Amino acid sequence: MTNKFSKTVSFIVIILVLYSVLSVDYSSLEYFTLSSFKNVLIGLSKPDWNYLYDGSGEDVFSLMILTINIAILGTFIGAFLAYPLSLVASKNLYSKLIGIPKFGKFVLNVLRAFPELIYAIIFVKVVGPGPFAGVLAIGVHHIGMMGKLFAEEMEASSDYSFEAQESVGASFWQTMFYSRIPQVMPIQASLILTHLEIAVRSAATLGLVGAGGIGAPLIFAIQARNWGKVSIILIAVILTVLIIDSISAKIRKNLQ
Amino acid sequence: MKLKDTIHRDFPKNLLIVLIILALLFISVINTGVDLMEVFRNSDQMWRFLSRFLKPDFSYFPNIIKPMIQTIKMSIYGTFLGVITGLPIAFLGSMIFTKNKTITNIAKFIMGVVRTIPSLLLAAILVAIFGIGEFTGVMTIAIFTFGMTSQLFYQAIDTIEVGAVEAQESVGANKIKVAFYAILPQIVNQIASYTLYAFEVNIRASTVLGYVGAGGIGLIMNTSLGLMRYDRVSLVILTIFVLVFIVDGLSGYLRRKLS
């Protein structure tokens, strides 16, 4: 990297940052007062423990279980449908027909392009509000995300065992099941777990549009300024995410 | 591969894993009330959406130029704030810099907690506190970027060559000097590349942020969704697409130049 180039780039970056800082509209801050902020903080520091579990099925505990269920099922649907698509999109499986993997990649890119929130809004319209809409939204979005990564792993797999099998007369499907797939399976399994972590986070938010899970009660609590409830939900979300992350990190370590 | 790793010896273990996964799926299916037929019964809804969606309303484009610039500004500002605050805590989260387990663990805990809060929830809370507006979006992006980049920065610091740090310490440099002259020069490229990455992610997230009223192009998308103007929604998504594509290309170019 030339010195002059880095100087020019830094100069442009500084100008851009300065411009953004100076031109952003701060008018919303007029309504912000320190005392109200203090009230929020005090409210957040007093979690409403009664809401944690009351056996009604509308408490934090049951909703968190539901959120995790949405994530698991969504990830499963995503992985299940992403696998065949990733096989269509892997370049190294098609020696001459370049068009097929290109088409597969295109489909995956399109699926990935829409934010999960949009899928959630569509599926809430299609199947009605509820956890199932969340499952479908996470599933469809994750087809694109996982499919791309699956295909990349497949393309990066080594050709040695495949060539060895082919040279002794194995058919396409035999090389597929005895060389290609076993090679990439551990990495792909760990990718699925990573995406389960992501899915738990999104399942917690998709409730904002009515797709089930903990999101809906949270947005109601925020709108009602019921900070005690907000606080207990946030604690639950953070704890759940941390626990799921650490479990999946442990499993992934064992996979490698 | 040893003999005990072969499929036959492992069979009970694999069977157990499969059973656990099946049980989890079974519970999930019951709990979420999955009804696949529903999808097919109401699929005309989806086609109605798609048919409008596939015809973007290009005549609306002039109206979204301003919010788009707003979004870019918010992302730049938010990324900047997030990186500026994320860097010091990343230093505190690395044993190489602090040599103190307590400080490191506290810093790591803060990073972990901030990172686990989903950005949409964060935006919703900040909107409730600060009200609807551009600055709220900036704050959300800043906190989100803080969580994302501090993690990456501290991993970068943890993998540096410690020789330079030790050399400076041995001649009596204080912590600040060590940070600026021994650690920072080694990770400056990574900082730049992670910052660019965060900026990309933030531009992508702007669709979602508008949903809760945090300003920018997402706000336009939200109102269009409310009015069921899916042709405009698709225009907004297309625009963000192009924007991300440009930012992607630009940051890819810069990152190649950097390495």
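Residues numbered from 1 in each chain as written. Chains lettered and ligands numbered in written order. Predicted model: local features only at pLDDT ≥ 70, side-chain atom pairs only at ≥ 80, totals over all residues. Heavy atoms only, no water.

1. Here we look at the overall build of chain B
Our working definition: By definition, any uninterrupted DSSP run of H or I lasting at least four residues is a helix, any uninterrupted run of E lasting at least two residues is a strand, and each is numbered from the N terminus. The globule rule is 2.2 Å times the number of residues to the power 0.38, and the radius of gyration it is compared with is taken over C-alpha atoms. By the convention used here, residues are in contact when the closest approach between their heavy atoms is within 4.5 Å. Only four residue types enter the tally: Lys and Arg on the positive side, Asp and Glu on the negative side; His and the chain ends are excluded. Each charge is placed at NZ for Lys, CZ for Arg, CG for Asp and CD for Glu.
Secondary structure summary: chain B contains twelve helices and zero strands in total. Along its sequence from the N terminus, chain B presents helices and strands in the succession α-α-α-α-α-α-α-α-α-α-α-α. Over its C-alpha atoms chain B spans a radius of gyration of 24 Å, topping by over 25% the 18 Å that the globule rule assigns to 259 residues. In terms of its C-alpha atoms, chain B occupies a principal-axis envelope of roughly 75 × 60 × 40 Å. When contacts within chain B are restricted to residue pairs at least 6 apart in sequence, long-range pairs at least 24 apart make up 74% of them. A gap of 3 Å separates the mean positions of the 22 positive and 14 negative side-chain charges of chain B.

2. As for the confidence of the model for chain B
So the rule is basically this: Each residue carries a pLDDT score, the predictor's own confidence in it, on a scale running from 0 to 100.
The predicted model of chain B has a mean per-residue pLDDT of 83, with 96% of residues at 70 or higher. Looking at the elements of chain B, mean pLDDT is at its lowest for helix 2 (residues 36-41) of chain B, recorded as 76, and at its highest for helix 4 (residues 61-92) of chain B, recorded as 89.

3. Topic: the interface of chain A and chain B
Convention followed: Take the accessible area each of two parts loses on contact, using a 1.4 Å probe, and add the two losses: that sum is the buried area. What counts as a salt bridge is simple: a side-chain nitrogen of Lys or Arg found within 4 Å of a carboxyl oxygen of Asp or Glu. A 3.5 Å cut-off defines polar contacts: any pair of N or O atoms within that distance qualifies, except that in protein one atom must be a possible hydrogen donor and the other a possible acceptor, and neighbouring residues in sequence count only when both atoms are side-chain atoms. Three residue categories are used. Nonpolar comprises Ala, Val, Leu, Ile, Met, Phe, Trp, Tyr, Cys and Pro, charged comprises Asp, Glu, Lys and Arg, and polar comprises the others, including Gly.
Taken together, the contacts link 55 residues of chain A with 56 residues of chain B. Considering only the side of chain A, the residues that lose the most area to chain B are Lys125, Val126 and Phe132 of chain A, jointly responsible for 12% of the buried surface there. Where chain A packs against chain B, one counts zero salt bridges. Seen at the junction of chain A and chain B, the total is four residue pairs in polar contact (both at pLDDT 80 or more). Among the secondary structure elements, those contributing two or more residues to the side of chain A that touches chain B are helix 1 (3-23), helix 2 (34-44), helix 3 (60-89), helix 5 (116-127), helix 6 (131-156), helix 8 (172-206), helix 9 (215-223) and helix 10 (227-255) of chain A. For the side of chain A that touches chain B, the residue count by class is 46 nonpolar, five polar and four charged.

4. Considering helix 6 (residues 101-116) of chain B
For the record, the criterion: What a helix should span is 1.5 Å times the count of its residues minus one. The buried label goes to any residue with under 20% of its type's maximum accessible area, the exposed label to any with over 50%, and the partly exposed label to all in between, with areas taken from a 1.4 Å probe on protein chains only.
If you check helix 6 of chain B, its first and last C-alpha atoms are 22 Å apart, about what 16 residues at 1.5 Å a residue would give, namely 22 Å. Three or more residues of helix 6 of chain B are buried, namely Thr104, Ala107, Met111, Gly112, Val114 and Thr116 of chain B. Elements that come into contact with the buried residues of helix 6 of chain B comprise helix 8 and helix 10 of chain A together with helix 4, helix 5 (95-98) and helix 8 (134-158) of chain B. One side-chain oxygen of the residue at the start of helix 6 of chain B lies 3.0 Å from the amide nitrogen of Thr102 of chain B, identifying that residue as Asn100 of chain B.

5. Focus: the packing of helix 3 of chain A against helix 1 (residues 11-32) of chain B
Our working definition: What counts as an axis is a line fitted to C-alpha atoms, over the stretch in contact for a helix, and the angles between N-to-C directions run from 0 to 180 degrees. For a crossing to be left-handed, the near helix must be turned anticlockwise from the far one by less than a right angle; the clockwise case is right-handed.
Contact geometry of helix 3 of chain A with helix 1 of chain B gives a least axis separation of 9 Å together with a crossing angle of 115°. Helix 1 of chain B is crossed by helix 3 of chain A, and the crossing has left-handed handedness. Contact with helix 3 of chain A, carried on its side by Ile65, Leu66, Asn69, Ile70, Ile72, Leu73 and Phe76 of chain A, involves Leu24, Leu25, Ile27, Ser28, Val29, Asn31 and Thr32 of chain B of helix 1 of chain B and no other residues of that element. Tallied by class, residues from the contact of helix 3 of chain A with helix 1 of chain B come to ten nonpolar, four polar and no charged.

6. Examining empty space enclosed by the protein
All names here are of chain A. What counts, and what does not: Here the term cavity refers to a set of points on a 1 Å grid, laid over the protein atoms alone, in which a 1.4 Å probe fits but cannot get out; the term pocket refers to an open set having protein on both sides within 12 Å along at least five of seven lines, with lining residues being those that place an atom within 4 Å of a point. Grid points are joined across faces, edges and corners, and a volume is the space filled by probe spheres set on the points.
According to the stated counting rule, one finds one cavity of 30 Å³ or more in the structure shown. Here the largest cavity is characterised by a volume of approximately 30 Å³. Every residue along the wall of the largest cavity is listed here: Lys105, Leu108, Asn109, Arg112 and Lys148. Ranked by residue count, the leading element in the lining of the largest cavity is helix 4 (residues 99-113), at four residues. When the residues that make up the lining of the largest cavity are grouped by side-chain class, the tally is one nonpolar, one polar and three charged.

7. Considering the side chain of Ser234 of chain B
All names here are of chain B. Of note, Ser234 is situated in helix 12 (residues 230-258). In this structure Ser234 comes out as buried when scored by relative accessible area, which is 5%. What Ser234 contacts, discounting residues up to four positions off in sequence, is Phe53, Lys55 and Pro56.

8. Some details on the packing of aromatic side chains
Where we set the bar: Any two of the Phe, Tyr and Trp rings considered here, Trp counted by its six-membered ring, make a pair once their centres fall within 6.5 Å; the pair's planes then place it as stacked at under 30 degrees, edge-to-face at over 60, or tilted in between. Think of it as a cone above the ring: NZ of Lys or CZ of Arg counts as a charge over the ring if it is within 6 Å of the ring centre and within 35 degrees of the ring normal.
Here the structure, examined in full by the defined rule, presents eight aromatic pairs over all chains. Relative to Trp173 of chain A, the ring of Phe172 of chain A lies with its centre 5.1 Å away and its plane at 80°, an arrangement referred to as edge-to-face. Given a relative accessible area of 53%, Trp173 of chain A falls into the exposed group. Lying across the ring of Tyr60 of chain B, Arg232 of chain B places its NZ or CZ 3.9 Å from the centre.

9. Things to note about the side chain of Thr175 of chain A
Residues and elements named next belong to chain A. Within the element layout of this structure, Thr175 appears in helix 8. Given the relative accessible area of 2%, Thr175 is considered buried. With near-sequence residues (within four places) excluded, Thr175 lies in contact with Phe162, Gln165, Glu166, Ala170 and Arg180.

10. What to know about a nonpolar patch on the surface
Residues and elements named next belong to chain A. We apply this condition: Patches here are clusters of residues that have more than 30% relative accessible area and form no salt bridge, with a 9 Å joining cutoff for like charges and a 5 Å cutoff for nonpolar side chains (Val, Leu, Ile, Met, Phe, Trp, Tyr). With residues, only the protein chains shown are counted as cover, and all accessible areas are computed by Shrake-Rupley using a 1.4 Å probe.
On the surface, a nonpolar cluster with roughly 1100 Å² of combined accessible area is contributed by Trp49, Leu52, Tyr53, Phe61, Ile65, Ile235, Leu239, Leu242, Ile243, Ile247, Ile251 and Leu255. Elements that contribute at least two residues to the nonpolar patch include exactly helix 3 and helix 10. In this fold, Leu52 is placed in the loop between helix 2 and helix 3.

11. Side note on the pattern of salt bridges
Evaluated as defined, the whole model comprises nine salt bridges over all chains. With a shortest N-O distance of 2.8 Å, Lys105 of chain A and Glu155 of chain A are connected by a salt bridge. With a gap of 50 residues between them, Lys105 of chain A in helix 4 and Glu155 of chain A in helix 6 connect regions that are remote in the sequence. Judged by relative accessible area, which is 28%, Lys105 of chain A ranks as partly exposed. Overall, Glu155 of chain A belongs to the partly exposed group, its relative accessible area being 26%. The closest approach of N and O atoms between Lys99 of chain B and Glu169 of chain B, which form a salt bridge, is 3.3 Å. Of this pair, Lys99 of chain B sits in the loop between helix 5 and helix 6 while Glu169 of chain B sits in helix 9 (residues 162-170), and the two are 70 residues apart along the sequence. Of the residues examined, Glu169 of chain B reaches a relative accessible area of 29% and is grouped as partly exposed. Taken together, the shared-partner salt bridges connect Asp57, Arg229, Asp231 and Arg232 of chain B into one network.

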